[in-house]
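Inside the fold
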Amino acid sequence: MIARILATAATEARVARRNRWVLIAVLLMVVFSLVLSAAGSAPTGALGADRLSVVVASLTSLSVYLVPLVALLMSFDAVAGEVERGTLPLLLTYPVNRSEVLAGKLLAHTAILIVAIVAGYGAAAAVTIAADPTAVSGLGALWRLTWTSVLLGATFLGIGYALSSLAQRVSGAAGLAIGLWLGLVVLYDLGLLAAIVADDGGAFTTRVFPFALLANPADAFRLFNLTAAQATAAASGVGGAANAIPQWQSLSSILVWPLLSLGLASLAFRKVEP
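Residues numbered from 1 in each chain as written. Predicted model: local features only at pLDDT ≥ 70, side-chain atom pairs only at ≥ 80, totals over all residues. Heavy atoms only, no water.

Assigned secondary structure in the protein consists of 12 helices and 0 strands. Listed N to C, the secondary structure of the protein is α-α-α-α-α-α-α-α-α-α-α-α in terms of helices and strands. The buried share of the protein, taken over its 274 residues, is 46%. For the protein, contacts bridging at least 24 residues in sequence account for 82% of all contacts bridging at least 6. Entry remark: accessible area of the protein is about 12300 Å², with carbon and sulfur atoms responsible for 69%. (Helix = DSSP H or I, 4+ residues; strand = E, 2+ residues; numbered from the N terminus. Buried < 20%, exposed > 50% of the residue type's maximum accessible area, 1.4 Å probe, protein only. Contact = heavy atoms within 4.5 Å. Areas by Shrake-Rupley, 256 points an atom, 1.4 Å probe, with all protein chains shown as cover.)

Here it is, written out as structure tokens:
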């Protein structure tokens, strides 16, 4: 079983390398991380936090948008592409079941995400520590951001596989992936803020709003890292609710979402006819 998963992962990694996904993901993370490390550490003194922790708060805002987008762009054609190329029937004739196929794709794509995340965050940390050696006290916050970013990426990889299985066409899967990214990462928070303003401190704000944040993997990721880094003053908007929600709740959401998304992907993939 492990050998079959590794073989699938190796094949998927070669496809990703041929499509330049490794290079694209690394460049995106490094460039944006370096920009934010330069701009995000400016308010350090006013916030009373070490420089790297403030940079981590800025990187958290970046990761909420960039990590899900990269994950969806890598995974939206994972199944639909196989269907359109006519390679899925051949793949399923091999002594490998569908869960092993998904596991192999997940392993390869997660490895690419890890390389990109480590390169981006590592570059930002190196620049920050070089400018201020005392910033090493924020390495714990950076480590939390790293592994939670990997979990966030795994969540959206699973979602991408599910959308790819449902669409069974690359164009349709791409549209669904971009629409879902806009909905969960961009429009979701705007809708919550609008609801809070309309509610004016009512039942939605006090009872529904915390659960609505935890139900979104991107918001749970942001809340956990802002609380853990103790740099919530650097956040605004929905991120300012971090102190009002227990850290264990946001952590639970981060840990559960990858399993849920992969479960959905597995169910959707089972219904795909080769």
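Back to the write-up after that little detour.
Together, I178, L182, L187, L190 and L193 make up an exposed nonpolar region whose accessible area comes to about 420 Å². Mapping I178 onto the fold places it in helix α9 (residues 170-199). (Patch = residues over 30% accessible without salt bridge, like charges linked within 9 Å, V, L, I, M, F, W, Y side chains within 5 Å. Salt bridge = Lys/Arg side-chain N within 4 Å of Asp/Glu carboxyl O.)

Secondary-structure assignment places T146 in helix α8 (residues 139-167). For the pair T146 and V56, spaced 90 residues apart in the sequence, the C-alpha separation amounts to 9.8 Å. Not counting residues within four places of it along the chain, the set of residues in contact with T146 comprises I117, V118 and Y121.

The next thing to look at is the confidence of the model for the protein. When pLDDT is averaged across the protein, the result is 85; 90% of the residues are at 70 or more. By mean pLDDT, the top-scoring element of the protein is α8 (94), and the lowest-scoring one is helix α3 (residues 44-47) (49). (pLDDT = per-residue confidence, 0-100.)

Between helix α1 (residues 2-18) and helix α7 (residues 98-131), the shortest axis-to-axis distance is 7 Å and the interhelical angle comes to 50°. By the angle class used here, α1 and α7 are oblique. The way α1 lies across α7 gives a crossing that is right-handed. Seen from α1, the contacting residues are R4, I5, L6, T8, A9, E12, A13 and A16; seen from α7, they are E100, V101, A103, G104, K105, L107, A108, H109 and I112. Here the residues of the contact of α1 with α7 sort into 10 nonpolar, 3 polar and 4 charged. (Axes fitted to C-alpha atoms, helices over the stretch in contact; angles between N-to-C directions. Parallel < 35°, antiparallel > 145°, perpendicular 65-115°, else oblique. Left-handed = near helix turned anticlockwise from the far one by under 90°. Nonpolar A, V, L, I, M, F, W, Y, C, P; charged D, E, K, R; others polar.)

Even without being glycine, Q168 reaches a positive phi, approximately 60°. Assessed through its relative accessible area of 23%, Q168 is described here as partly exposed.

Orientation of α8 relative to helix α12 (residues 247-270), taken along the N-to-C sense of each, is 20°, at an axis distance of 8 Å. As far as their axial angle goes, α12 and α8 are roughly parallel. Note on packing geometry: the crossing formed by α8 with α12 is left-handed. Across the interface between the two elements, W147, T148, L151, A154, T155, G158, I159, Y161, A162, S165 and L166 of α8 pack against L251, I254, L255, W257, P258, S261, L262, L264, A265, A268 and F269 of α12. Tallied by class, the residues present in the contact of α8 with α12 amount to 17 nonpolar, 5 polar and no charged.

Right, let's talk about the pattern of salt bridges for a bit. In total, this model carries 6 salt bridges according to the counting rule given. For K105, the salt bridge identified is with E82, shortest N-O distance 3.2 Å. Placement of the pair is K105 in helix α7 and E82 in helix α5 (residues 80-85), with a sequence separation of 23 residues. The burial state of K105 is the same as that of E82; both residues are buried. A salt bridge links D219 to R222, with the shortest nitrogen-to-oxygen separation between them at 2.8 Å. Of this pair, D219 and R222 both sit in helix α11 (residues 217-229), 3 residues apart, which is roughly one turn of the helix. Overlapping salt bridges bring together E12, E82, R85 and K105 as one network.

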